[in-house]
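Here's the letter readout for the chains.
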Amino acid sequence: MGKIKKLWCSEKEAAYIESLLAECRKQELACIKEVQYPEYMVRYLHPVKSYVDRGSELLGKLEIRLELAWKGEEELRFLLNENGFCWIDPGDVFPKCAVMKIEEREISVYTIGSGYMERTFQTEKCLAEIRSAHPRVLSTTESILYILKHHCSLARFGDGEFNLCMGREIGFQKFSERIRKRLIEVLSCQSDGKLLVTIPEFCSEYNNVKNCFGEISFWEAYWYRNAAKLQPFLTGSFYGNTDVSRNTVFYENPLERIRMLWEGRDVVFVAGDNGRFEVKTELFDGIVSVCTIQVSPVHAFEAYDEILEQCRKESKDKLFLLSAGPTATVLAYDLAQLGYQALDIGHLPNCYDQYLGKIESPEALPYVR
């Protein structure tokens, strides 16, 4: 494989992108689109395991970039005479990295996540300041014990919910002003004996991807880029730990303690129809009775009023276990206000498989089975 052309990036970043390309070759690549220019065929490739929606968003920006380049950008014209790989910047896209491979009359554009960050003194200083200002977050054990003590509901925020609060669409939930306002309403409320609002800790040991953005982990990079935008919404005196629904909870708690949250209860599952969620015996065999309200595994919030109305038909003695993305966050809040107990448990069964080493991560699974 040829070296990355270092026209827009440092040598360290070039080496990192080369390692991403090497990883891409191990996976099956999907061709999102082909575009025939007068002289060249351009094929846009994306790893099947990644978010295709995010790849499509990147594709649109790249096409604009290449169209402009075709109208006279000398650097790209020069690169067209070179075989090998070159990095191109699609602008304000995140993740902001694509790589072009030029061979004869064909250009392959690999859309891969980079957003490379170097761990400099300035970066470390900034991360330390963000960490010191991060809200107080309970441990996963404290979060479980808090729920058991107060018999309260749980509304969970991860990067997807945060992104919607900032006006960004995510792969399995379209953005709308209504969902943004509702999520901010939940995030801004104080946790109490009725509802525990959870957010991720600053840099989780387990629910994290180390060196995800060059020398920076996933959550370090996320807070580095977004803490200032999210800070106005984080007005609670403390928050539960979102990792109570991730693989972290299995490292930090015995299975018996986790199961106490629903042991001996009549349960209503609200989960995506044929989605990622599975009712695993190892987790849920202590439940007395089960009924299920099925929702769409993608863009469920579009039917939010109908989902809430269906939930309200159930007895308040039942425990709701929710796995419906950002819809579950809002639903847990509304059900708590109505006198129900509802726990947004997200990817918990999939994260149990991750903890056991059966899958790489819940996000590697398709939205619809």
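Analysis parameters
Residues numbered from 1 in each chain as written. Predicted model: local features only at pLDDT ≥ 70, side-chain atom pairs only at ≥ 80, totals over all residues. Heavy atoms only, no water. Axes fitted to C-alpha atoms, helices over the stretch in contact; angles between N-to-C directions. Helix = DSSP H or I, 4+ residues; strand = E, 2+ residues; numbered from the N terminus. Parallel < 35°, antiparallel > 145°, perpendicular 65-115°, else oblique. Left-handed = near helix turned anticlockwise from the far one by under 90°. Contact = heavy atoms within 4.5 Å. Nonpolar A, V, L, I, M, F, W, Y, C, P; charged D, E, K, R; others polar. Buried < 20%, exposed > 50% of the residue type's maximum accessible area, 1.4 Å probe, protein only. Phe/Tyr/Trp six-rings, centres within 6.5 Å; stacked < 30°, edge-to-face > 60°. Core = buried A, V, L, I, M, F, W, Y, C linked by side-chain atoms within 4.5 Å. Arc of directions from axis to C-beta. Patch = residues over 30% accessible without salt bridge, like charges linked within 9 Å, V, L, I, M, F, W, Y side chains within 5 Å. Areas by Shrake-Rupley, 256 points an atom, 1.4 Å probe, with all protein chains shown as cover. Salt bridge = Lys/Arg side-chain N within 4 Å of Asp/Glu carboxyl O.

K.L.:
Even after reading the chapter, I still don't get the packing of helix α7 (residues 177–187) against helix α13 (residues 326–337), so can you show me in this structure?
P.N.:
The angle between the axes and the distance between the axes are what describe a pair of packed helices. The geometry of α7 relative to α13 is characterised by a closest axis approach of 10 Å and an angle of 55 degrees between their N-to-C directions. On the basis of their axis angle, the class for α7 and α13 is oblique. Crossing hand, α7 versus α13: left-handed. The residues of α13 that touch α7, namely those facing Ile179, Arg182, Leu183, Glu185 and Val186, are Pro326, Thr329, Val330, Tyr333 and Asp334.

K.L.:
In this structure, what is going on with the packing of helix α12 (residues 304–311) against α13? I would like to understand it.
P.N.:
Interaxial distance between α12 and α13 falls to 11 Å at its minimum, and their mutual angle equals 45 degrees. Comparing the axis directions of α12 and α13 gives the class oblique. Crossing angle aside, the handedness with which α12 passes α13 is right-handed. Along its contact with α12, which presents Tyr304, Ile307, Leu308 and Cys311, the element α13 presents Thr327, Val330, Leu331, Asp334 and Leu335. When the residues that make up the contact of α12 with α13 are grouped by side-chain class, the tally is 7 nonpolar, 1 polar and 1 charged.

K.L.:
I keep staring at the environment of Tyr116 and nothing clicks. Help me out?
P.N.:
Its location among the elements puts Tyr116 in the loop between β6 (106–111) and α4 (121–133). Tyr116 sits in the buried class, given a relative accessible area of 15%. Taking C-alpha positions, Tyr116 is 6.2 Å from Glu13, a pair spaced 103 residues apart along the chain. Among all residues touching Tyr116, those that are not within four sequence positions of it are Lys12, Glu13, Tyr16, Phe213, Gly214 and Glu215.

K.L.:
Is there a simple way to think about the packing of aromatic side chains in this case?
P.N.:
On inspection of all chains with the given rule, the structure shows 21 aromatic pairs. Both rings, one in Phe218 and one in Trp219, keep their centres 5.1 Å apart while their planes meet at 85 degrees; by these two values the pair is edge-to-face. Both residues of the pair, Phe218 and Trp219, count as buried. On the basis of an interplanar angle of 85 degrees and a centroid distance of 5.4 Å, the ring pair of Phe320 and Tyr340 is categorised as edge-to-face.

K.L.:
Honestly, the nonpolar core in this entry has me stumped. Any pointers?
P.N.:
The nonpolar side chains of a soluble globular protein tend to be buried, and buried together. The biggest cluster of nonpolar side chains holds 53 residues, and the ones touching the most others in it are Phe157, Leu187, Val270, Phe320 and Leu331. Contacts of Leu331, omitting those with residues within four sequence positions, involve Val270, Tyr304, Ile307, Leu308, Cys311 and Leu322. If you look at the next biggest cluster of nonpolar residues, it comprises 28 residues, including Val244, Leu261, Val267 and Ile287.

K.L.:
Can you help me understand α12 in this one?
P.N.:
Where α12 is concerned, the buried positions are Tyr304, Ile307, Leu308 and Cys311. For α12, the angular spread of buried residues about the axis comes to 95 degrees, placing them on one side. Contact partners of the buried residues in α12: α7, β10 (266–272), β11 (289–295), β12 (319–323) and α13.

K.L.:
For this particular structure, what's the right way to read α7?
P.N.:
Note that an α-helix has 3.6 residues per turn; residues three or four places apart therefore point the same way. The set of residues buried in α7 consists of Ile179, Arg182, Leu183, Ile184, Val186 and Leu187. Residues of α7 that are buried make contact with β7 (153–156), α6 (159–165), β8 (195–199), α12 and α13.

K.L.:
In this structure, what is going on with a nonpolar patch on the surface? I would like to understand it.
P.N.:
Taken together, the side chains of Tyr251, Tyr355 and Leu356 make up a nonpolar region of the molecular surface, amounting to roughly 280 Å² of accessible area. For Leu356, the location among the structural elements is in the segment after α14 (348–355). Judged by its relative accessible area of 40%, Leu356 is partly exposed.

K.L.:
Any chance you could explain the environment of Val137 here in plain terms?
P.N.:
Structurally, Val137 can be placed in the loop between α4 and α5 (140–150). A residue is classified by how much of its surface remains accessible, and Val137, at 21% relative accessible area, is partly exposed. With 65 residues separating them in the primary sequence, Val137 and Phe202 have C-alpha atoms 8.7 Å apart. Residue contacts for Val137: discarding those within four places in its chain leaves Ile199, Pro200, Glu201, Tyr239, Gly240 and Asn241.

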